[in-house]
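Letter by letter, the chains look like this.
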Amino acid sequence: MTAVFSHGRLRLYLLKLLDDGPKHGYELIRLLEDRFLGLYAPSAGTIYPRLQRLEVEGLVSHTAAGGRKTYDITDAGRAELHQRAGELTALETDIAASVADLSSLAGEIRSEVRGSARDLKRELSEATRQTRRTRWEAPAPPPRPASTGGPQAELLDELDQRLAAFTAEVGRLMRARQFSDTQLRTAIRLLDGALDGLRRLLR
């Protein structure tokens, strides 16, 4: 739970949300997530025990329909909100500050991730260019033995052309646009998997 809700302040904020109208538990979770711009959301295991405690204390009540409980604030709950109006104002101020801090942190993380993705893309692009350069600058392979003539030689030539086309296409795709970190990791796994498959086949 985010520190802004320590020392029983979450139960006060739940009363505040219920004062706006009856809600079921997952509505309260969604409202809290929206309040924190999606950067924090309490779990059901955090919300429901507090609602049950508030009900035991007579501050909320519930009605059940379709297997779902809808919670509503009671007169006693509104009286507590009124008595703790100053605490609620301070809590709203702390929430606003917490959201600002979380947004700043999220922005820093996004910048770092984008930077890491750009670095990885550059490394992959350079590796692709080096692979192509090495391929074209490498000395010509020795003539194939006579036993590789005929259809097998044609298949080897086709495999060689496919490898060259594959390398060129990977390079073209890498230059086409920026990629997310997840896309790049997936591409690496696909390449590793394809290479492992070829190793097993050609051993």
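Residues numbered from 1 in each chain as written. Predicted model: local features only at pLDDT ≥ 70, side-chain atom pairs only at ≥ 80, totals over all residues. Heavy atoms only, no water.

In the annotation of an unreviewed UniProt entry, the entry for the protein chain reads DNA-binding transcriptional regulator, PadR family, and the organism field reads Micromonospora saelicesensis.

A word on the pairing of strand E2 (residues 60–65). As paired elements, E2 and strand E3 (residues 68–73) share 6 bridges and run antiparallel to each other. Within E3, the residue paired with Thr63 across the bridge is Thr70. From the end of E2 to the start of E3, which pair antiparallel, there are 2 residues, and Gly66 there has a positive phi angle of about 60 degrees. (Pairing = 2+ DSSP bridges. Helix = DSSP H or I, 4+ residues; strand = E, 2+ residues; numbered from the N terminus.)

The next thing to look at is a nonpolar patch on the surface. Taken together, Leu156, Leu159 and Leu163 make up a surface patch of nonpolar side chains, about 230 Å² in accessible area. Checked against the element boundaries, Leu163 lands in helix H6 (residues 151–176). Relative accessible area serves as the criterion here: at 41%, Leu163 is assigned to the partly exposed category. (Patch = residues over 30% accessible without salt bridge, like charges linked within 9 Å, V, L, I, M, F, W, Y side chains within 5 Å. Areas by Shrake-Rupley, 256 points an atom, 1.4 Å probe, with all protein chains shown as cover. Salt bridge = Lys/Arg side-chain N within 4 Å of Asp/Glu carboxyl O. Buried < 20%, exposed > 50% of the residue type's maximum accessible area, 1.4 Å probe, protein only.)

This part is about the packing of helix H1 (residues 9–19) against helix H2 (residues 25–35). Between H1 and H2, the least distance of the axes is 11 Å, while the angle of their chain directions is 105 degrees. Judged by the inter-axis angle, H1 sits roughly perpendicular to H2. Across the interface between the two elements, Leu10, Tyr13, Leu14, Leu17 and Leu18 of H1 pack against Leu28, Leu31, Leu32 and Arg35 of H2. In the contact of H1 with H2, the residues fall into 8 nonpolar, no polar and 1 charged. (Axes fitted to C-alpha atoms, helices over the stretch in contact; angles between N-to-C directions. Parallel < 35°, antiparallel > 145°, perpendicular 65-115°, else oblique. Contact = heavy atoms within 4.5 Å. Nonpolar A, V, L, I, M, F, W, Y, C, P; charged D, E, K, R; others polar.)

Glancing now at the pairing of E3. Here strand E1 (residues 23–24) runs beside E3; their pairing, made up of 2 bridges, is antiparallel. In the sheet register, His24 faces E3, and the bridge partner there is Thr70.

Right, let's get into the side chain of Lys23. By secondary structure assignment, the location of Lys23 is in strand E1. There is a polar contact of 2.8 Å between the side chain of Lys23 and the backbone oxygen of Leu17. If we ignore the near neighbours within four places in the chain, the residues touching Lys23 are Leu17, Leu18, Leu28, Leu31, Thr70 and Tyr71. (Polar contact = N/O pair within 3.5 Å; in protein donor to acceptor, adjacent residues only side chain to side chain.)

Now for the sheet that holds E2. Spatial strand order, E1-E3-E2: 3 strands in an open sheet with antiparallel pairing. Where the open sheet ends on each side, the last strands, each with one partner, are E1 and E2. Running over the sheet, H1 touches E1, E2 and E3 and is turned about 95 degrees from E3. Together, E2 and E3 form the strand contacts of helix H3 (residues 44–56), whose direction differs from that of E2 by roughly 115 degrees.

Let us now look at the packing of aromatic side chains. Taken as a whole, this structure holds 1 aromatic pair when the rule is applied. Ring geometry for Tyr26 versus Tyr48: centroids 6.1 Å apart, planes at 65 degrees, classification edge-to-face. Placement of Tyr26 in helix H2 and of Tyr48 in helix H3 is noted, with a sequence separation of 22 residues between them. (Phe/Tyr/Trp six-rings, centres within 6.5 Å; stacked < 30°, edge-to-face > 60°.)

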